[in-house]
Amino acid sequence: MKKYFLLVALWCGLLGVGAQTYSLRSPDRTIVLTFSLDNKGAMSYEVQVDGLPFLRPSKMGYEEKSGRNLQNGFSLVDVQYHSQDSTWSQIWGENKWVRDLHNEMVLQLQNADAVQLTLRFKAFNDGIGFRYEYEVGGVDSILLMDELTSFDLAQEGISWSIPADFESYEHLYRKLPLSELYNANTPMTFRLENGLYGSLHEAALTDFPEMVLYKDGEHAFKATLAPWPDLVRARFAGTHCTSPWRTLALGRAAVDLINSSLILNLNEPCELTGDLSWIKPMKYVGIWWGMHLGIESWSIYDRHGATTANAKRYIDFAAKNHIDAVLYEGWNEGWETWGGQQHFDFTKPYADFDVEEVLQYAAQKGIAVISHHETGGNIPNYERQLEHTYQWLDSLGVHCVKTGYAGGIPGGYSHHGQYNVRHYRKVVLTAAQHQCMLDVHEPIKPTGIRRTYPNMMTREGARGMEWNAWSAGNPPEHYEILPFTRLLAGPMDYTPGTFDILYKNTRNLPQRKKWNDQDQGNSRVNTTLAKQLANWVILYSPLQMASDLIENYENHPAFQFFRDFNPDCDWSRALQGEIGEYVVMVRKAGDTFFLGATTNEKARRLFVPLDFLEENAYYTATVYADALDADWKYNPTAYEIYTLDNLTRDDALEVVLNQGGGQAVVLKRK
Ligand code: NOJ
Ligand code: CA
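All values derive from a computational prediction rather than experimental measurement. (Residues numbered from 1 in each chain as written. Chains lettered and ligands numbered in written order. Predicted model: local features only at pLDDT ≥ 70, side-chain atom pairs only at ≥ 80, totals over all residues. Heavy atoms only, no water.)

Chemist: Please give an account of the side chain of Asn474 that cites residues and values.
Modeler: Along the chain, Asn474 turns up in the loop between helix H9 (467–470) and helix H10 (478–481). Separated by 2.8 Å, the side chains of Asn474 and Arg463 make a polar contact. Here Asn474 is in contact with Leu172, Arg463, Gly464, Trp467, Asn468, Tyr479, Tyr494 and Asn526, once residues within four sequence places are set aside. (Helix = DSSP H or I, 4+ residues; strand = E, 2+ residues; numbered from the N terminus. Polar contact = N/O pair within 3.5 Å; in protein donor to acceptor, adjacent residues only side chain to side chain. Contact = heavy atoms within 4.5 Å.)

Now the structure itself:
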């Protein structure tokens, strides 16, 4: 290998380039990444796709507080190349089997400041990733003040992203020319003028602040890290620090980004050992939407939702409707401190919620219980109770918790900074020790750590259903943007499934209280009903909620789709789509395929070949479609259900989507 790099270096020298360059190709040879060291030993990298520039030379390195030089003066000590083609399996996921096919280039660099840097580049057919591993001699800590990594896109293009905000991801997406994009959180997805698609993100964020992007040139973006209160960005005791992977996913079609396994492949294999059968996808309902609609309360001192009687009603419904679990919010003491210091007690139920009685009832009916820990952002309070709480849940047989961090973090810590990242990981590990699955709201964004810690099931981290209850709501195209942006990072607990789309059954109830000035009492969900069903397939979450009040599902023919839905899929494919326009997804679970298709405000007719079906097999399709006159704005709840028989992989579906509409199909093998 050494011989090869010497030849490259010599070749560049002969050409008088003045830089040493080292290249890495993707296995299909279409992506070429070139790393350069200039004559001052400063690092940069560039990417070509199909022989044409995709990323122009882009900076690398960090600034360190004590002045240790982490960015230039480097010389190369060694370079090694490796290739891998393996297939690994996960206990749950969009795909149970994942192929890891890549080439790797590992550069060993050093400078006169006793800094040794291992730079690891991986090139896959669906993108690239790289990360920094620093060893700094003679220090007792490393304090990173800034990351210099930039992504200098070679062309103008259109981007889809939420703003860079270290406190929240719950923003509307913006569609902006790259040249007009000033900052973005990741995944930041774009289409260049040459028609290629890309998405910038990070993988394996377990002990670092999150990375956002700030404009740094016409189409260039620089990494910016969430700070600690003292403005240090990342701190490490000792002499070593490793960054998360910086990632660029690439696709020729928009759906290639969804079908990519880049982020998972850049994470470490599963570290949980022993019998992991306690980790399993589930469908759930819960005492939740009533609070967001303003007709119930979390606190006992108001219109309390989580009473023993109500909890049992939800258990009965779950048991009757082939649903695995029930979530209870507002079951514990502390909600009365909401808006103040927010001191929740995670083992003290409210007086009208008899935990033992509820759990016993659930166990009798074979229903799992999802407990809820709203921290209000008070991390010290949660950490004080963490071990004891998860031990208690374990002893009660509760193996799933939804956490929440709605509120500022005491001490001025940034929501997405390293302090919080460490906290989230601590919760994942503590939960794992007590065989507990997690659904995190107001989380750190997903970066694929579910591969390493598969009890980290799902999370929020974008504007979910709740925004439709107390704000102007999520616009129709939100659902055709999410799969190409937020969901590229990992599963999302969006909580689809509103059937009473105009809130007709609750809007005028006397107990309804408005939330705030934004809540005009005229909120609604901006989709058709069939699109709600399709979102159960499209917005992937291994814990998938039917989020409406259960009374809105009773005797509703369209709810049969959720009864039949299996969230434990083996295989998934995004079949068609354009960002913010439309999307068609299919997932296979056992012998059954679930297909979901949705569109933005534009009605469409799509032709979907069924060539994903098994060979020599016949299927019956149950189609949940927009009715002829359905329309998200004027007639959202009109739907129809019909069946098609004896379908094979040689057939195709004609999928008709009305304005803001959708279609959900169950294809059952005969
Ligand atoms: C925000 C979460 O996203 C929501 O699901 C939850 O109900 C509230 N916080 C209260 O914890
Ligand atoms: Ca939220």
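Chemist: Kindly report on helix H8 (residues 418–433), identifying the contributing residues and their values.
Modeler: With 16 residues, H8 extends 23 Å from end C-alpha to end C-alpha; this agrees with the ideal 22 Å at 1.5 Å per step. Along H8, the residues that are buried comprise Gln418, Asn420, Val421, His423, Tyr424, Val427, Val428, Thr430, Ala431 and Ala432. On its buried side, H8 packs onto strand E20 (234–237), helix H7 (379–396), strand E27 (437–440) and strand E28 (456–459). Backbone geometry just after H8 places Gln435 at a positive phi near 50°. (Expected span 1.5 Å × (residues − 1). Buried < 20%, exposed > 50% of the residue type's maximum accessible area, 1.4 Å probe, protein only.)

Chemist: Requested: an account of the coordination of the calcium ion (ligand 2), with residues and values cited.
Modeler: For the calcium ion (ligand 2), the protein coordination sphere consists of Glu170 (OE), Glu170 (OE), Glu442 (OE), Glu460 (OE), Glu460 (OE) and Glu466 (OE), at 2.3 to 3.2 Å. On the basis of relative accessible area, Glu442 is assigned to the buried category, the value being 16%. Classification of Glu466 by relative accessible area gives buried; the value is 10%. (Donors = N, O, S within 2.8 Å, 3.2 Å for Na, K, Ca; no water.)

Chemist: Describe in detail unusual backbone geometry, supporting the description with residues and values.
Modeler: Following Thr186, the chain continues into Pro187 via a peptide bond in cis, with omega recorded as 0°. Positive phi, normally seen in glycine, also occurs at Thr495, with a value near 65°. Following the sequence through the fold, Thr495 ends up in the loop between helix H11 (486–489) and helix H12 (529–538). Positive phi is not limited to glycine here, since Asn616 has a value of about 50°. Counting through the fold element by element, Asn616 comes out in the loop between strand E33 (604–609) and strand E34 (619–626).

Chemist: Account for the sheet that holds strand E31 (residues 582–589), naming residues and giving values.
Modeler: Ordered by their spatial adjacency, six strands build an open sheet running E30-E31-E32-E37-E34-E35, and the pairing between neighbours is antiparallel. Edge positions in the sheet fall to strand E30 (571–578) and strand E35 (639–647), since each has one partner strand and no second. Taking each pair of neighbouring strands and ignoring which way they run, the sheet shows an average axis angle of 15°. Sheet topology places E31 next to strand E32 (residues 592–599); eight bridges connect them, and they run antiparallel. Within E32, the position partnered with Met585 by the bridge is Gly596. Packed onto the sheet, H12 meets E31, E32, E34, E35 and strand E37 (662–669) and runs at close to 125° relative to E32. (Pairing = 2+ DSSP bridges. Axes fitted to C-alpha atoms, helices over the stretch in contact; angles between N-to-C directions.)

Chemist: Quick rundown of the nonpolar core? Include the residues and the values.
Modeler: Ranked by size, the top nonpolar core spans 184 residues in total, and within it Phe35, Phe54, Phe121 and Tyr134 carry the most contacts. Counting residues in hydrophobic clusters, the runner-up holds 22 residues, among them Leu595, Phe612, Ala625 and Val655. (Core = buried A, V, L, I, M, F, W, Y, C linked by side-chain atoms within 4.5 Å.)

Chemist: Tell me about the packing of helix H5 (residues 308–320) against helix H6 (residues 355–364), residues and numbers included.
Modeler: For the pair H5 and H6, the least separation of the axes is 10 Å and the interaxial angle reads 10°. Considered as vectors, H5 and H6 are oriented roughly parallel to each other. Where H5 crosses over H6, the handedness of that crossing is right-handed. Only Glu357, Val358, Tyr361 and Ala362 of H6 make contact with H5, whose side of the interface consists of Thr308, Ala311, Lys312, Ile315 and Asp316. Per-class residue counts for the contact of H5 with H6 are five nonpolar, one polar and three charged. (Parallel < 35°, antiparallel > 145°, perpendicular 65-115°, else oblique. Left-handed = near helix turned anticlockwise from the far one by under 90°. Nonpolar A, V, L, I, M, F, W, Y, C, P; charged D, E, K, R; others polar.)

Chemist: Can you lay out the site of ligand 1 for me, pointing to particular residues and giving the numbers?
Modeler: Within the structure, ligand 1 sits among Trp288, His292, Trp298, Glu329, Trp335, His372, Glu374, Lys402, His441, Glu442, Glu460 and Glu466. Between ligand 1 and Glu374 there is a distance of 2.6 Å, counted from an oxygen atom to a side-chain nitrogen or oxygen. In this structure, Glu466 approaches ligand 1 through a side-chain N or O atom, which is 3.1 Å from an oxygen atom. The residue makeup of the shell around ligand 1, split by class, is three nonpolar, three polar and six charged. (Near = heavy atom within 4 Å.)

Chemist: Hey, could you go over the pattern of salt bridges for me, with residue numbers and the actual values?
Modeler: Within this structure, the stated rule accounts for 30 salt bridges. Notably, a salt bridge pairs Arg252 with Asp50, separated by 2.8 Å at the nearest N-O pair. With a gap of 202 residues between them, Arg252 in the loop between strand E22 (245–251) and helix H2 (254–259) and Asp50 in the loop between strand E3 (43–49) and strand E4 (52–59) connect regions that are remote in the sequence. Given a relative accessible area of 46%, Arg252 falls into the partly exposed group. On the accessibility criterion, Asp50 (42% relative accessible area) is partly exposed. Note that Lys445 and Glu202 form a salt bridge whose closest N and O atoms lie 3.3 Å from each other. Residue Lys445 is found in the loop between E27 and E28, and its partner Glu202 is found in strand E17 (residues 197–203); the two are separated by 243 residues along the sequence. (Salt bridge = Lys/Arg side-chain N within 4 Å of Asp/Glu carboxyl O.)

Chemist: Any details on the sheet that holds strand E26 (residues 400–404)? Residues and values, ideally.
Modeler: Strand order across the open sheet formed by seven strands is E28-E27-E26-E25-E24-E23-E29, with parallel pairing between neighbours. Where the open sheet ends on each side, the last strands, each with one partner, are E28 and strand E29 (543–545). Strand after strand, the sheet turns through a mean of 30° between neighbouring axes, direction not considered. The pairing of strand E25 (residues 368–374) with E26 spans four bridges and is classified as parallel. Note that in E26 the partner of His373 across the bridge is Thr403. Along the sheet face, H7 touches E25, E26 and E27 and points at about 170° away from the line of E25.

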